[in-house]
Every structure is written in structure tokens, then in C-alpha cells.
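Overview (structure and organization)
Single-letter residue listing:
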Amino acid sequence: MFEALKPLPQDPILQLMQTFREDPREHKIDLGIGVYKDDAGNTPIMAAVHQAERRLLESESTKSYVGPAGSPGFGRVMADLVMGEGSSLVRDGRVAVVQTPGGCGALRMAAEFLRLCRDNATVWVSTPTWGNHLPLLGGAGLNIREYPYLDPATLQVDFAAMLESLAQAEAGDVVLLHGCCHNPSGADLTFEQWQQVTDLVLEKGLLPFVDMAYQGLGDGLEADAAGLRHMAVRVPEMIVAASCSKNFGLYRERTGALMLMGATDSVTSAANSQLLSVIRSHYSMPPAHGAAIVETILGDEALRANWQLELAGMCDRILGLRRAFAEALAPAGDFGFIARQRGMFSFLGISPAQVRRLREEYGIYMLESSRVNVAGLNDRTLPVVAEAIRTIL
């Protein structure tokens, strides 16, 4: 069975990770892997997470399955986090939430669910988009079409081109949107642009599918969800894939949520029953630990306040790094877009050859596309990276 199989090339991000680990240089700098790092260069465990885990260790009484939908309490707190506390959509039963193995699990289960709804479903994704969107969605058998998003000359959203392209979509098509902190560009839609996209979705009869992977790391928990919430109130149906990897720092716990929003509570209930059947035929039950941590934090007033304070500090740190990075690069050209963008990532707009020079001559690692993890910088490495970039330009 296996003898005819040929080896596949490694994923570029995973390959970069391995190359970085094998680099013996002590001064090497990793700006490629998409994880948040503190000033010491570590990906820390948040204080609220530590406290929640201690409570769980003391109070947990079973390791039995949680069921295909996961913890109902986790679903409730995630619905409030994304849709807003007191949301009428949640209160009226129009939103159903299932716990998934990370944001990837949410995306893939959504894709399998969409193929069940319509076996020839088409999903529109931005150019560029997160590298794993295409295999996760296309691997489920969905037809993929792309809409222009980032202007490579200005490294800002080409909104006119985006609208023009999506105007070609047909009723029933799905449009994948980044809720905030666009990966890999950092260029986000403004609230006014979210309003215009909502109008287009309604006019064309499209299904919005929002990937909310970085809530709280752009402009704050509420501001980052403003566009999604505006759209949710106006459209009849929506899908949201949410991740707790970044804003709770639960990367290895694989904690995510998939939300279905239907026109009525009965429509949502029927759709959710189909989704649970899809889940049962794939991984059957989600892992419980990460979701229990999130549920504990969001369900406790003091823990939630501590978590929000720490998350706000992470957000402010990223914004400060963006401003400082743009200023440090200013002598080499106009890099002001870095300060205007949000989240962990930006494109530098340099060539693959220049990216290779940074890696080979200076030990600075980033993706060949020049996507850089701004959150991987700190006060020590930022001047070093900026000087190296100025040198190779």
C-alpha cells in the first residue's frame, strides 16, 4: 500500500521552524513562526491560565468524554466573547457553538458542513490569506475562488478591487473574511468597509464565514469584533471559526469554537444537528482541557479581569512594537503601513532574495513572502533587525 507513495515537500512554515532550530548561531532571530513572544523572547503562559489550571487540577473529578459538542459552558462564554454579552442573537437561540480542536478544527468542520449543505459549494478567500486556509477548505472538497485584498504596491487593502471581485459571486457562495488582524498582511477592513461588505453580502445572497483567530490583539476585544457583530445582526446566516490559541496563549491545547448562526432558532438547531453528525464521523469528541481553562477564566469575574488586563498589555506591546519598527525603518523608505496595521503580522515588501540574505548573513528568519511576526521582536532585537533590513535594501 505504501510503496507507491512519494515524499511531499514540508510545509514552508514548518520547514523554516526546523531550519531555525538547526542554525547554530546564538544571535539568530525568529520572526517567522506565528506565536506571541514577550520581551524575553518566550511564549509565556498567561497568569490567568496558570490560576485556572490549578483550580481544574484540584476540582476535576473525571476524564470521561465531553461529547461531540464539547462543554456547553464553553460554548456560552465563547458566544458572549465573540457576539457580545447580552447579544439578542445568542439570547434568541440563533447561535449554536461547538468546541473544536483549535481554529483549524473549526475551519475544517465548517468546510465539511458546507459540503454537506451544498456539494459544489464555492468559498471565496482573500489574496493573500493564511496558508492553511486553502488546504483546510479545499481539502474538504470545496471550490476555491480568490478575491484581491492586499495591494502589493501600497501594502494596504485594495477595497475597490475586493468589492468588484466579490460582485461576481453567485447567490449561495461563501465569502471567508478575517475578523481582525488579517493573517498574513495585518491590513484590516475599517468598520465602514465592514458595513459595505455586509451590504454586498445581503445584495448577492452570500454566506459570510468569519475566521476570528486574534480577537483582542488588534485594538481590543470589543473593537476587534465590531465588524463581525455588525454583520451578524444584519445577515440571516453566518459561520464563525474562533481560536483561543493567541488571545489565551493556548497554542498546544488546541482550543477553538465553531459557531453557526441561522435565521431562526429552529433553523440553527437543525443545522447544528447536522454539524454534530459531521464531527462524530471525524474526530468524534474534542479535547477538554483547553476549553475548561477558557470556561473557568471567562466564568470567573476576577480571573476574567486579570486575563483582560494581561491581554490588553499584549495588545499594547504589539502596537508599540509596530510604531517603533516603522520608525526604525523610516531611513530606508516609507514603512508607515506597519504602524497602521494590526495584529502580529506584516509584509515588509522585500524580495525573496533579500529575505534569504537576512537569513544567511544576519540569522534573521522570516517567510520568503517577507511576512514578519512583529510580536517576535523586542527591545533588544528590533534595532538589530531594522539595521539589517536597512543594509540589504
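The rules behind these values
- Residues numbered from 1 in each chain as written.
- Predicted model: local features only at pLDDT ≥ 70, side-chain atom pairs only at ≥ 80, totals over all residues.
- Heavy atoms only, no water.
- UniProt positions renumbered as here; feature names shortened; annotations may be inferred.
- Helix = DSSP H or I, 4+ residues; strand = E, 2+ residues; numbered from the N terminus.
- Domains from an automatic or database assignment.
- Contact = heavy atoms within 4.5 Å.
- Buried area = accessible area lost by both parts, 1.4 Å probe.
- Salt bridge = Lys/Arg side-chain N within 4 Å of Asp/Glu carboxyl O.
- Polar contact = N/O pair within 3.5 Å; in protein donor to acceptor, adjacent residues only side chain to side chain.
- Buried < 20%, exposed > 50% of the residue type's maximum accessible area, 1.4 Å probe, protein only.
- Core = buried A, V, L, I, M, F, W, Y, C linked by side-chain atoms within 4.5 Å.
- Expected span 1.5 Å × (residues − 1).
- Arc of directions from axis to C-beta.
- Axes fitted to C-alpha atoms, helices over the stretch in contact; angles between N-to-C directions.
- Parallel < 35°, antiparallel > 145°, perpendicular 65-115°, else oblique.
- Nonpolar A, V, L, I, M, F, W, Y, C, P; charged D, E, K, R; others polar.

This next bit is on the UniProt feature "domain: Aminotransferase class I/classII large" (unreviewed entry) in the protein chain. Sites flagged by UniProt as "domain: Aminotransferase class I/classII large" (unreviewed entry) map to residues 27–389. A distance of 16 Å separates the end C-alpha atoms of residues 27–389, which is 46% helix and 16% strand.

Domain assignment breaks the protein chain into domain 1 (12–45 + 314–392) and domain 2 (65–299). When each unit is reduced to the centre of its C-alpha atoms, the spacing between domain 1 and domain 2 is 28 Å. With 21 residues of domain 1 at the interface, the matching set in domain 2 holds 20 residues. In total, domain 1 and domain 2 occlude about 1600 Å² of area from one another, counting both sides; carbon and sulfur atoms represent 63% of this. Broken down residue by residue, the surface that domain 1 buries against domain 2 is led by Arg342, Phe345 and Phe347, which jointly contribute 35%. Here domain 1 is connected to domain 2 by one salt bridge. In this structure, the salt-bridge partner of aspartate 219 is arginine 342, at a minimum N-O distance of 2.8 Å. Applying the counting rule to domain 1 against domain 2 returns six residue pairs in polar contact (both at pLDDT 80 or more). Elements that contribute at least two residues to the side of domain 1 that touches domain 2 include exactly α13 (301–329), α14 (336–340) and β11 (345–347).

Turning next to the environment of aspartate 379. With respect to the helices and strands, aspartate 379 occurs in the loop between β13 (371–373) and α16 (381–392). Taking relative accessible area as the criterion, aspartate 379 reaches 65% and is therefore assigned exposed. For aspartate 379 and aspartate 92, which are 287 residues apart along the polypeptide, the C-alpha to C-alpha distance reads 48 Å.

Judged by nonpolar contacts, the single largest core of 99 residues is most densely connected at Met238, Trp307 and Phe325. When residues in this core are grouped by element, the largest group, ten residues, is from α13. Viewed by domain, this core spans two of them, domain 1 (12–45 + 314–392) and domain 2 (65–299), each represented by three or more residues. By size, the runner-up hydrophobic cluster in this structure holds 26 residues, among which are Ala106, Phe113, Val125 and Ile239.

This next bit is on helix α8 (residues 191–204). For an α-helix, the turn length of 3.6 residues means that residues three or four places apart are oriented alike. Relative to the 20 Å expected for 14 residues at 1.5 Å per residue, α8 spans 20 Å between its end C-alpha atoms, a close match to the ideal helical length. Buried residues of α8: Gln193, Trp194, Val197, Thr198, Leu200 and Val201, and no others. Along α8, the residues classed as buried sweep out an arc of 165° about the axis, all on the same side. Glycine 205, located one to two residues past α8, shows a positive phi value of around 70°.

Let us look at the packing of helix α3 (residues 72–83) against helix α10 (residues 226–234). The contact between α3 and α10 brings their axes to 9 Å, and the two run at 100°. Judged by the inter-axis angle, α3 sits roughly perpendicular to α10. Where α3 approaches α10, its residues Asp80, Leu81, Val82 and Met83 are matched on the opposing element by Leu228, Arg229 and Ala232. Grouping the constituent residues of the contact of α3 with α10 by class yields five nonpolar, no polar and two charged.

Let us now look at the pattern of salt bridges. The final tally for this structure, using the stated rule, is 13 salt bridges. The salt bridge involving arginine 234 is made with aspartate 199; its shortest N-O contact spans 2.6 Å. Here arginine 234 is found in helix α10, whereas its partner aspartate 199 is found in helix α8, with 35 residues between them in sequence. Arginine 234 gets classed as partly exposed once you look at its relative accessible area, which sits at 39%. Linking glutamate 222 and arginine 229 is a salt bridge whose minimum nitrogen-to-oxygen distance equals 2.6 Å. According to the relative accessible area criterion, arginine 229 is buried, its value standing at 16%. Here the salt bridges do not stand alone but share partners, grouping Arg108, Glu112 and Arg115 into one network.

What follows covers the side chain of arginine 322. Relative to the helices and strands, arginine 322 is located in helix α13. A distance of 2.8 Å separates the side chain of arginine 322 from the backbone oxygen of isoleucine 338, its partner in a polar contact. What arginine 322 contacts, discounting residues up to four positions off in sequence, is Gly186, Ile338, Ala339, Gln341, Arg342, Gly343, Met344, Phe345, Ser346 and Val374.

Now for the environment of methionine 212. You can see methionine 212 is positioned in strand β8 (residues 207–212). In sequence terms methionine 212 and valine 240 are 28 residues apart; their C-alpha atoms lie 6.9 Å from each other. Ignoring any residue separated from it by four or fewer positions in sequence, one finds methionine 212 in contact with Gly179, Cys180, Asp224, Ala225, Leu228, Val240, Ala241, Ala242 and Ser243.

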